[in-house]
Amino acid sequence: MELQIISLLFLIFAIVIGFVKKINVGLVALGVALPLSMIGKIKPNVIFSGFPSKLFLTLLGTMFFFSILQENKTLEILSKKVVLLVGKRAYLVPIIIYIISYFLSAAGPGAISVQSIMVILAVSLAVEMKISIILMGALSILGAVGGTTSPIALTGIIVADLTSNMEVPQVVNSVFLGVSLANFICAIILYVFLKGYKIKIDIKATNENLKFNREQKISLVSLLFLIIVVVGFQYDVGLVSFFLSIILILLKVGDEKAAIKKIPWGVLILISGVSVLMNVTKTMGGIDLLADILSSMMNDKTAPSIIGLTAGLMSWFSSANGVVFPTLIPTVSKIVADIGGNISAIELIIAIVGGATVAGISPLSTGGSLILAAYSQETDSTEKDEQNLFAKLFITSFFVVIIITIFAFLGIFKIFS
């Protein structure tokens, strides 16, 4: 029991220190893995075995490919062309922002890459149209985090990796459908609550050159090829991404060095480092202890809502992909076994992923912080304005996390089990 408590405390320590000191949690996790293994008398090869090599290469491949498409502005122009099609139907702009973000994210790059484009575009349009920053920013984030649960996108890949040892059929597809539905309903509620349907401004085309050039046309063909090969023929998305990236570079469609710089290396370090520490923690029984603690507060009726709320709260202060999912998803099998009753592993996993992803609107998360940054760039905002926006983003994030918690409590995610 002592080793279980110590290992869990080390995990909590790594997360808290990373947040408080603004240090990548993955680096902290790698740093404390050695002393923890020494306390638990665990050999170094156990530490190294926790490195997620397949996941790392899969994510690196997809991030590199979409960094090329981001660097040559293919995704940006595609998004702007679609938005400009609405004309006088300006009330459709927030909806289109959501849809574009969702499908771009689901196609492969995931929320992080898509948010860096779509949040900036959404906030820029909101300022130009003089409409709600919260509405446009939140819908762009919800779209991105909803799409990222697809089997070929960032979160979908991570969930597949974390559940690979669980005997749960079709878990990735079930999570994708369940989270997409809950995410979509959250978007509708925000759209109505923030009166998006009342927007009546004529969107006019700017003087920007929105024609696809040779490089961008080739990039679009490669994106279509990626989707067909991965979805239709079940090839590994990472390997296909590396293959297409090399072709794009040889055709001089993208700048290799610029694309490498755009890869979110911090995310890769975060996910890999936490995976290493999680493996040591799991070996020492820390994950079983966490599952026991959560189980003691749950029954078969409240388990989905409690674990969904827990995921949302954790995601306000740490990475969903790098911390929340690797911490909570491994506890699911034991929670189901301990509680029994009418709950399933898939139901709990959907609640975890749903709660953690929608919390991305928080200004402490990547998406929310991008809204704040874009807002300060696009306007002559004062510190008071930014603090006001910070508070509104946090309230909005809390609101959608509560919606997911209610869905989980009502058993809506059970239909995907």
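Conventions used here
- Residues numbered from 1 in each chain as written.
- Predicted model: local features only at pLDDT ≥ 70, side-chain atom pairs only at ≥ 80, totals over all residues.
- Heavy atoms only, no water.
- 1 Å grid on protein atoms, 1.4 Å probe; cavity = no way out; pocket = protein on both sides within 12 Å on 5 of 7 lines; lining within 4 Å.
- Points joined across faces, edges and corners; volume = space filled by probe spheres on them.
- Helix = DSSP H or I, 4+ residues; strand = E, 2+ residues; numbered from the N terminus.
- Nonpolar A, V, L, I, M, F, W, Y, C, P; charged D, E, K, R; others polar.
- Expected span 1.5 Å × (residues − 1).
- Bend = angle between axes of the 7 residues up to and from the residue.
- Buried < 20%, exposed > 50% of the residue type's maximum accessible area, 1.4 Å probe, protein only.
- Contact = heavy atoms within 4.5 Å.
- Core = buried A, V, L, I, M, F, W, Y, C linked by side-chain atoms within 4.5 Å.
- Salt bridge = Lys/Arg side-chain N within 4 Å of Asp/Glu carboxyl O.

Another aspect to go through is the layout of surface pockets. By volume, the largest pocket amounts to about 780 Å³. In terms of lining residues, the largest pocket is bounded by 33 residues, among which Leu-270, Ser-318, Ser-319, Ser-365 and Thr-366 are the most central. Those elements that provide at least two residues to the lining of the largest pocket are α1 (2–20), α7 (110–129), α9 (154–162), α14 (265–283), α16 (303–317), α17 (320–328), α19 (345–358) and α20 (366–378). Ranked by residues supplied to the lining of the largest pocket, first place goes to α17 with four residues. Grouping the constituent residues of the lining of the largest pocket by class yields 17 nonpolar, 15 polar and one charged.

On to helix α2 (residues 25–39). Helical periodicity: at 3.6 residues per turn, an α-helix aligns residues three or four positions apart in one direction. Across its 15 residues, α2 extends 21 Å between first and last C-alpha, which sits within 8% of the 21 Å expected from 1.5 Å per residue. The largest bend in α2 comes to about 35°, at Ala-33, with the proline Pro-35 one to four residues further on. The complete set of buried residues in α2 reads Val-25, Gly-26, Val-28, Ala-29, Val-32, Ala-33, Leu-36 and Ser-37. Where α2 is buried, its residues contact α1, α3 (44–49), α14 and α17.

Side chains that are nonpolar tend, in soluble globular proteins, to be buried together. The biggest cluster of nonpolar side chains holds 140 residues, and the ones touching the most others in it are Leu-226 and Ile-349. Residue contributions to this core peak at 11 residues, all from α7.

Take unusual backbone geometry next. The phi dihedral of Lys-195 falls on the positive side, at around 60°, and the residue is not glycine. Mapped onto the elements of the fold, Lys-195 is located in the loop between α10 (171–193) and α11 (214–233). The backbone of Lys-252 shows a phi angle near 60°, a positive value even though the residue is not glycine. Tracing the backbone shows Lys-252 in the loop between α12 (237–250) and α13 (256–262).

As enumerated under the stated definition, the model contains four salt bridges in all. The salt bridge partner of Arg-214 is Glu-215, with a shortest N-O separation of 3.4 Å. Residue Asp-338 pairs with Lys-334 through a salt bridge whose shortest N-O separation is 3.1 Å. Placement of both Asp-338 and Lys-334 in helix α18 (residues 332–339) is noted, with a separation of four residues, approximately one turn of the helix. Judged by relative accessible area, which is 25%, Lys-334 ranks as partly exposed. Overlapping salt bridges, with partners in common, bring together Asp-292, Lys-334 and Asp-338 in one network.

By themselves, these figures tell us nothing about what the structure is for.
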